[in-house]
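Notes for the structure review
Residues per chain are reported as follows:
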Amino acid sequence: ENSLDWLRRVLRGDKNKEVKAAAVLALSEFPDKTVFRELKGVKGGHRMSKLYSLVSMGRIADSLPQSDLMRKQISNELTKISEKPQKDKYAAMYGTLALALMGDPSANKTFALYLTSDKRDAFKHEVHSVMAVAMGMLGDRRSVNDLREIMKNGRLEPDYRGYAALALGILGDASIKE
């Protein structure tokens, strides 16, 4: 039995929640279509297993070429989850981080839309913060102006604005002035 087979067995039948959650994360080291389907199918049980499955999907997608169909499926799935924090704010946060981990530059458009529009009121504060940091993690310099606007907007929560500043730091934007 190889490591992949062992991890699948743990995922399907181990009763220990922490071991199962660790197996979900470890599966991200095996970027193949069957692993993606298994991760997508992680339901119920230990909450962290479901959240970690999102991170693992992002890590798998990161190892695939931009044109790969599975990468596009993962991106679409994570984007849907990230856009619905009212349904599950933690899944939205982990989905957002997974998009950043996979380096999906199209995610910046989604993040900027929700962070700078009236739709942001539907989002939880924590999700805003994760989206701002994710914009920096993506390394897309086109997000600098959106992040600057978020940071300078005095109507927004101070912590949220601070995360936009952190994202600018991650991007290495030394030109920001208050």
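It should be emphasised that the depicted structure is a prediction, and the values quoted were computed from it without experimental measurement.

Cut-offs used in this document
Residues numbered from 1 in each chain as written. Predicted model: local features only at pLDDT ≥ 70, side-chain atom pairs only at ≥ 80, totals over all residues. Heavy atoms only, no water. Helix = DSSP H or I, 4+ residues; strand = E, 2+ residues; numbered from the N terminus. Buried < 20%, exposed > 50% of the residue type's maximum accessible area, 1.4 Å probe, protein only. Contact = heavy atoms within 4.5 Å. Areas by Shrake-Rupley, 256 points an atom, 1.4 Å probe, with all protein chains shown as cover. Axes fitted to C-alpha atoms, helices over the stretch in contact; angles between N-to-C directions. Parallel < 35°, antiparallel > 145°, perpendicular 65-115°, else oblique. Left-handed = near helix turned anticlockwise from the far one by under 90°. Core = buried A, V, L, I, M, F, W, Y, C linked by side-chain atoms within 4.5 Å. Expected span 1.5 Å × (residues − 1). Polar contact = N/O pair within 3.5 Å; in protein donor to acceptor, adjacent residues only side chain to side chain. Patch = residues over 30% accessible without salt bridge, like charges linked within 9 Å, V, L, I, M, F, W, Y side chains within 5 Å. Salt bridge = Lys/Arg side-chain N within 4 Å of Asp/Glu carboxyl O. Arc of directions from axis to C-beta.

For the rest of this paragraph, the subject is the overall build of the protein chain. A count of helices and strands for the protein chain gives ten helices and zero strands. Helices and strands appear in the protein chain in the N-to-C order α-α-α-α-α-α-α-α-α-α. Here the protein chain holds 178 residues, and 47% of them are scored as buried. Across the protein chain, contacts joining residues at least 24 apart in sequence account for 64% of those joining residues at least 6 apart. Carbon together with sulfur atoms contributes 52% to the accessible area of the protein chain, which is approximately 9400 Å² in total.

This paragraph deals with the packing of helix α3 (residues 33-40) against helix α5 (residues 69-82). One can describe the packing of α3 onto α5 by two numbers: an axis separation of 11 Å at closest approach and a directional angle of 15 degrees. For the element pair α3 / α5, the angle class is roughly parallel. Two packed elements cross with a definite hand, and for α3 against α5 that hand is left-handed. Residues Lys33, Phe36 and Lys40 of α3 form the contact with α5, whose own contacting residues are Met70, Gln73, Ile74 and Glu77.

This part takes up the nonpolar core. In terms of nonpolar packing, the biggest core is built from 48 residues, with Leu27, Leu39, Ile60, Ile74, Leu78, Phe111 and Leu147 touching the most fellow members. The residues touching Leu27, leaving out its near neighbours within four places in the chain, are Leu4, Leu7, Leu11, Val35, Leu39 and Ile60.

Attention now moves to helix α6 (residues 89-101). Taking 1.5 Å of rise per residue, 13 residues should cover 18 Å, and α6 covers 18 Å from first to last C-alpha, within 8% of that figure. Along α6, the positions that sit buried rather than exposed are Ala91, Ala92, Met93, Gly95, Thr96, Ala98, Leu99 and Ala100. The N-cap residue of α6 is Asp88: its side-chain oxygen and the backbone nitrogen of Tyr90 are 3.1 Å apart. Downstream of α6 by one or two residues, Gly103 has phi in the positive range, about 65 degrees.

Take a nonpolar patch on the surface next. Taken together, the side chains of Leu101, Met137, Tyr163, Leu166 and Ile170 make up a nonpolar region of the molecular surface, amounting to roughly 420 Å² of accessible area. A per-element tally of the nonpolar patch places helix α10 (residues 158-171) first, with three residues. Assessed through its relative accessible area of 37%, Tyr163 is described here as partly exposed.

Turning next to helix α1 (residues 3-13). Residues Leu4, Leu7, Arg8, Val10 and Leu11 constitute the buried set of α1. Projected down its long axis, α1 carries its buried residues within an arc of 160 degrees, all on one side. Those residues of α1 that are buried are in contact with α2 (17-26) and α3. Capping the start of α1 is the job of one residue whose side-chain oxygen sits 3.1 Å from the backbone nitrogen of Leu4: Asn2.

A few words now on the side chain of Ser49. Summarising the element assignment, Ser49 is placed in helix α4 (residues 47-62). For Ser49, a relative accessible area of 3% puts it in the buried group. Of note is the side chain of Ser49, whose polar atom sits 3.5 Å from the backbone nitrogen of Ala21. Not counting chain neighbours up to four residues away, the residues in contact with Ser49 comprise Lys17, Lys20, Ala21, Val24 and Val42.

Shape descriptors only; they carry no functional weight alone.
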